[in-house]
Amino acid sequence: MTPQSHELAQLNAQLTGRVIGPDGADYDEARTIFPGGFDSRPAAIARVADAADVAFVIAEARATGAELKVRAGGHSIHSVTQGGIVVDLRDLRELEIDPKERTAWAGTGLTAGEYTAAAGEHGLATGFGDTASVGIGGITLGGGIGYLVRKHGLTIDDLLAAEIATADGEVLMVDAESNPDLFWAIRGGGGNFGIATRFKFRLQDVATGVGGILVLPATPDAIANFLSEADAAPEELSTICNVMTAPPMPFLPEEYHGRPVILAMMFYAGDPDAGTPVVDRFRKLATPLADMVRPMTYPEMYPPEEDFHPIG
Ligand SMILES: Cc1cc2nc3c(=O)[nH]c(=O)nc-3n(C[C@H](O)[C@H](O)[C@H](O)COP(=O)(O)OP(=O)(O)OC[C@H]3O[C@@H](n4cnc5c(N)ncnc54)[C@H](O)[C@@H]3O)c2cc1C
């Protein structure tokens, strides 16, 4: 069902945030997601300001029978709807870092890069994925695997609590003691159990390390040996290994464009002097086609071009 314009006007009046309709100046920007090729036109995009707003939008969708989709960082294809309502979480940007307790409360509209940059100012981190612009909303609820996975686990291993608006419009705090079943379900269950508006994360000490991109020719030996080295490496090292045809990236010699390569992104979360020999073992697997691995702070793993990603 597509909600009527007077119903959307009523919803807009209830919200602290705002409703963007097809006539809104920022409608096209607001309905665009990271993956290309989608041109869905929602009846309304609700840029919510808090959990109460989310509950209002859920109630509206229930009352009108409109399809309801949830969008955080917009990196999946699951937030699009033709004629329904999108709950857009991108204005939920609150971030309270407690360096003493090593915890952070974060609005689910933040991106991995934004959270990581702020936590990095304290030499702290929560592990997300390999791309700065991915939303903490989607990656956390899906589990979250990234550069700290071997040392500190998945993103959900550091999820301590969440604020969730449920399908019946209740706003709940969930953690190991309160609503433990729901807390269990959201750690990997995606957006199927409610709309998370805030997460509480544990922060890990991750000040400096050794990291970056290493590109090797993808021979069968190099692939097999890469996997053995990754397995044998100390847990400080996590690698994300893409075996792929080389994209025309400026840092790759032109003759390798279109040829099979190992494009590895890696981070050693620890003393750079200890990390460099660990990384050197990968450098020796074959003559590197590109080697941008160096001592760095953890936030530097997310390059300045926010949407840079060698695969996407
Ligand atoms: C370029 C790229 C790189 C990636 N790299 C990694 C990686 O290294 N590691 C990894 O684990 N994953 C990775 N992913 C996958 C990514 O984590 C998922 O696609 C994730 O769901 C995207 O989250 P989002 O908030 O950006 O997307 P969205 O499309 O906004 O959300 C994804 C899904 O979660 C739901 N959702 C989002 N936020 C909430 C919320 N607060 N409450 C309820 N439901 C919600 C949405 O409805 C949707 O179904 C990558 C994806 C891309 C496109």
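Student: How should the overall build of the protein be read in this particular structure?
Tutor: Secondary structure assignment for the protein yields nine helices and 16 strands. On C-alpha atoms alone, the protein measures out to a radius of gyration of 21 Å, which is about the 20 Å that the 2.2 N^0.38 rule sets for 312 residues. Across its three principal directions, the C-alpha atoms of the protein cover 65 × 45 × 30 Å. Considering the protein as a whole, with its 312 residues, one finds that 51% of them fall into the buried category. The long-range fraction of contacts in the protein, counting pairs at least 24 apart against all pairs at least 6 apart in sequence, stands at 69%. Entry remark: accessible area of the protein is about 14200 Å², with carbon and sulfur atoms responsible for 51%. Each charge sign in the protein was given a centre, from 22 positive and 43 negative side chains, and these centres are 2 Å apart.

Student: How do you make sense of the site of the ligand when you look at a structure like this?
Tutor: Surveying the vicinity of the ligand reveals 27 residues, the closest of which are Val70, Ala72, Ser76, Ile145 and Ala196. Between the ligand and glycine 135, the relevant distance is 2.8 Å, taken from an oxygen atom to a main-chain nitrogen or oxygen of the residue. The backbone of glycine 138 places a nitrogen or oxygen atom 3.0 Å from an oxygen atom of the ligand. Protein chains shield 82% of the accessible area of the ligand, which is 950 Å² for the free molecule. For the shell around the ligand, the secondary-structure elements that each account for two or more residues are β3 (68-71), α5 (136-142) and β10 (195-202). When residues of the shell around the ligand are assigned to their parent elements, the largest contribution, four residues, is made by α5. Split by residue class, the shell around the ligand holds 10 nonpolar, 15 polar and two charged.

Student: Even after reading the chapter, I still don't get the sheet that holds strand β5 (residues 95-98), so can you show me in this structure?
Tutor: The strands making up a sheet associate through hydrogen bonds between their backbones, and the pairing can be parallel or antiparallel. An order of β5-β6-β10-β8-β9 is seen for the five strands of this open sheet, with the pairing classed as antiparallel. Here the strands that pair on one side only, and so sit at the sheet edges, are β5 and β9 (171-175). Mean inter-strand twist for the sheet, computed between neighbouring axes without regard to direction, equals 15 degrees. Both β5 and strand β6 (residues 103-107) contribute to a ladder of four bridges, which runs antiparallel. Residue pairing in the sheet places leucine 95 in a bridge with alanine 106 of β6. Packed onto the sheet, helix α3 (residues 51-64) meets β8 (159-165), β9 and β10 and runs at close to 145 degrees relative to β10.

Student: Would you mind showing me how to read helix α8 (residues 220-232) here?
Tutor: Spanning 13 residues, α8 covers 18 Å between terminal C-alpha atoms, matching the ideal 18 Å at 1.5 Å per step. The set of residues buried in α8 consists of Ala222, Phe226, Glu229 and Ala230. For α8, the angular spread of the buried residues around the axis is 100 degrees, confining them to a single face. Of the exposed residues in α8, those oriented more than 90 degrees away from the buried face are Pro220, Asp221, Leu227, Asp231 and Ala232. Turning to α8, the residues buried within the fold contact α6 (149-152), β12 (208-217), β13 (237-245), β14 (260-268) and α9 (272-283).

Student: What's the story with α3 in this structure? I'm lost.
Tutor: Because the α-helix completes a turn every 3.6 residues, residues three or four places apart line up on one side. For α3, spanning 14 residues, the distance from its first C-alpha to its last is 20 Å, which sits close to the expected 20 Å at 1.5 Å a residue. Among the residues making up α3, those that are buried are Ala51, Asp53, Val54, Ala55, Val57, Ile58, Glu60, Ala61 and Thr64. Following α3 by one or two positions, glycine 65 has its phi on the positive side, about 75 degrees.

Student: Can you walk me through the domain arrangement of the protein in this structure?
Tutor: Interface size is often expressed as the accessible area that is lost when the parts come together. As assigned here, the protein comprises domain 1 (5-88), domain 2 (95-205) and domain 3 (208-301). Centre-to-centre separation of domain 1 and domain 2, based on C-alpha positions: 23 Å. Each partner contributes to the interface: domain 1 provides 12 residues, whereas domain 2 provides 16 residues. Taking both sides of the interface into account, the surface hidden between domain 1 and domain 2 amounts to around 920 Å²; carbon and sulfur atoms contribute 76%. Counting the surface domain 1 buries against domain 2, the share from its top three residues, Ala51, Ile58 and His75, is 44%. Taken together, the connections running from domain 1 to domain 2 amount to zero salt bridges. Only α3 and β3 provide two or more residues apiece to the side of domain 1 that touches domain 2. Per-element accounting of the side of domain 1 that touches domain 2 gives the leading share, five residues, to α3. Tallied by class, the residues present in the side of domain 1 that touches domain 2 amount to nine nonpolar, two polar and one charged.

Student: Got a minute to help me understand the sheet that holds strand β2 (residues 44-47) in this structure?
Tutor: Read from one edge to the other, the open sheet built from four strands follows the order β1-β2-β4-β3, with strand pairing classed as mixed. The two strands at the open ends of the sheet, each matched to only one other strand, are β1 (18-20) and β3. Across the sheet, the mean angle from the axis of one strand to that of its neighbour is 25 degrees, orientation sign disregarded. Sheet topology places β2 next to strand β4 (residues 85-88); four bridges connect them, and they run parallel.

Parameters at a glance
- Residues numbered from 1 in each chain as written.
- Predicted model: local features only at pLDDT ≥ 70, side-chain atom pairs only at ≥ 80, totals over all residues.
- Heavy atoms only, no water.
- Helix = DSSP H or I, 4+ residues; strand = E, 2+ residues; numbered from the N terminus.
- Rg over C-alpha atoms; globule rule 2.2 N^0.38 Å.
- Buried < 20%, exposed > 50% of the residue type's maximum accessible area, 1.4 Å probe, protein only.
- Contact = heavy atoms within 4.5 Å.
- Areas by Shrake-Rupley, 256 points an atom, 1.4 Å probe, with all protein chains shown as cover.
- Lys, Arg positive; Asp, Glu negative; His and termini not counted.
- Charge placed at Lys NZ, Arg CZ, Asp CG, Glu CD.
- Near = heavy atom within 4 Å.
- Polar contact = N/O pair within 3.5 Å; in protein donor to acceptor, adjacent residues only side chain to side chain.
- Nonpolar A, V, L, I, M, F, W, Y, C, P; charged D, E, K, R; others polar.
- Pairing = 2+ DSSP bridges.
- Axes fitted to C-alpha atoms, helices over the stretch in contact; angles between N-to-C directions.
- Expected span 1.5 Å × (residues − 1).
- Arc of directions from axis to C-beta.
- Domains from an automatic or database assignment.
- Buried area = accessible area lost by both parts, 1.4 Å probe.
- Salt bridge = Lys/Arg side-chain N within 4 Å of Asp/Glu carboxyl O.

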